[in-house]
Amino acid sequence: LLVRLSGVIMTLLSRFKLSRRLRWILAIGSIVVIAVMLFINYRFYLPIGTGPAGPSVAAEPFESKWSDRKVVLVGIGDSVSAGFGASKGKSYVERLADNPPDEFDDMQGRSLSRVLPNLEVKNIAVSGSNSLQHVGYVADLEKQPEDVFGIVVMTCGGNDLIHWYGRQPPREGAMYGATLPKAQPWIANYKTRLDGLLTDIEKKFPGGCLIFLADIYDPSDGVGDPETTWALPPWPDALPILAAYNQTIRDVAATHPNVRVVPMHETFLGHGIHCRQWWRENYCGSDPTYWYGENLEDPNDRGYDALRRAFLNEIVKERERMRSK
């Protein structure tokens, strides 16, 4: 491309009475300027976009009531479930419960309060928390009456990976920069801890519950190069450790009949720091926009919209479990 571009520029410059050397200097300078502009454009310009984001949600399941029973929607986990950075009423937990006043046309009427009239919402997620801290939060969650069914939505483990962005030596619960061999004992502990968390949550709902546990997204869009943000140190084993955590989530969830995995990782691929780079494997040509906040940890409003849809689609599949007894 640059060779062709240099030919075009030389042809244009040949129309002027310039020495061959000056033409070459101007051509090379022009190419350098254009290359720098393209680099900046594709590397650092991250448009957020407008309008709906994420998968579609069918209208038909929301055309009739699912249940008259008491249902509590409980958010558990880290800042993603706490809704950090979301506009008022637009965290994914809030949007699951009720449509915001300016809801998109394709999501009008698609909320749990529409089909579960006796819905209560409780969010105990805490921004900045990791899976070790979630053990205490779940222990403090009050046991629900037997006539209450629980819909638990959960994000757990993301902060285990990223705290403290390499500013301190990696450790369990803050393993940024760790090698995969060093992280293996921490991954094993996470598996045991997550299994215990899910068991303890189930015990809080003697009337039954479903737990919708998201896997962990990847703001690098599968490239694994946090250093290209110019704000983070490199982490060569980031992707293998992330993959191990996500496999752990799937493995543990498979042992709990009441747990469903929400594909947050897959949903967000192509909407991170490489969202505009069309040559990448995970490029999303239909919506090449950035779904994360300025902190790179949490979604922006469009990201929370997409996450709400991913959760809601998994909840819809299980709506028969919520029928009135």
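This report concerns the structure included in the present document. Within any chain, residue numbers begin from 1 and follow the written order of that chain's sequence. Thresholds applied to this predicted model are a pLDDT of at least 70 for local features of residues and 80 or more for the giving and counting of side-chain atom pairs; totals over whole chains, interfaces and linings are not thresholded and use all residues. Hydrogens and water molecules were not included; the side-chain quantities draw on all heavy atoms of the structure.

1. What to know about helix α8 (residues 180-203)
Move 1: Secondary structure is summarised from DSSP: a helix means a run of H or I of at least four residues, a strand means a run of E of at least two, and numbering begins at the N terminus for each. Here, expected helix span is obtained from the residue count minus one, scaled by 1.5 Å. Here α8 spans 34 Å end to end across 24 residues, near enough to the 34 Å set by a 1.5 Å rise per residue.
Move 2: Only protein chains enter the calculation, and the probe is 1.4 Å; a residue is then buried if its accessible area is under 20% of its type maximum, exposed if over 50%, and partly exposed in between. Turning to α8, its buried residues number three or more, namely Ala183, Trp186, Ile187, Tyr190, Arg193, Leu194, Leu197, Leu198, Ile201 and Glu202.

2. Some details on the packing of aromatic side chains
Ring pairs (aromatic) are described by centroid distance and by the angle formed between their planes.
Move 1: Centre distance within 6.5 Å is the pairing criterion for rings of Phe, Tyr and Trp, where only the six-membered ring of Trp is used; planes under 30 degrees apart are then read as stacked, over 60 as edge-to-face, and the remainder as tilted. What the rule picks out here adds up to eleven aromatic pairs.
Move 2: Where Tyr176 meets Trp235, the ring centres are 4.7 Å apart and the plane angle is 40 degrees; that geometry is what we call tilted. Here Tyr176 is found in the loop between α7 (158-162) and α8, whereas its partner Trp235 is found in the loop between β4 (209-214) and α9 (238-254), with 59 residues between them in sequence.
Move 3: What links up through ring pairs into an aromatic cluster is the set Tyr217, Phe268, Tyr290, Trp291 and Tyr292.

3. Section: the pattern of salt bridges
Move 1: Salt bridge, as used here: a side-chain nitrogen of Lys or Arg that lies within 4 Å of a carboxyl oxygen of Asp or Glu. With the rule as written, the count across this model stands at 14 salt bridges.
Move 2: The residue Arg193 makes a salt bridge to Glu172 at a minimum N-O spacing of 3.3 Å. Pair noted here: Arg193 is in helix α8 and Glu172 is in the loop between α7 and α8, with a separation of 21 residues, a long-range link.
Move 3: For Glu172, a relative accessible area of 25% corresponds to the partly exposed category.
Move 4: Among the salt bridges present, the one from Arg302 reaches Asp287, with a minimum N-O distance of 3.1 Å. Of the two residues, Arg302 is situated in helix α11 (residues 301-317) and Asp287 in the loop between α10 (264-268) and α11; the sequence distance between them amounts to 15 residues.
Move 5: Salt bridges sharing partners connect three or more residues here, namely Glu103, Asp106, Asp305, Arg308 and Arg309.

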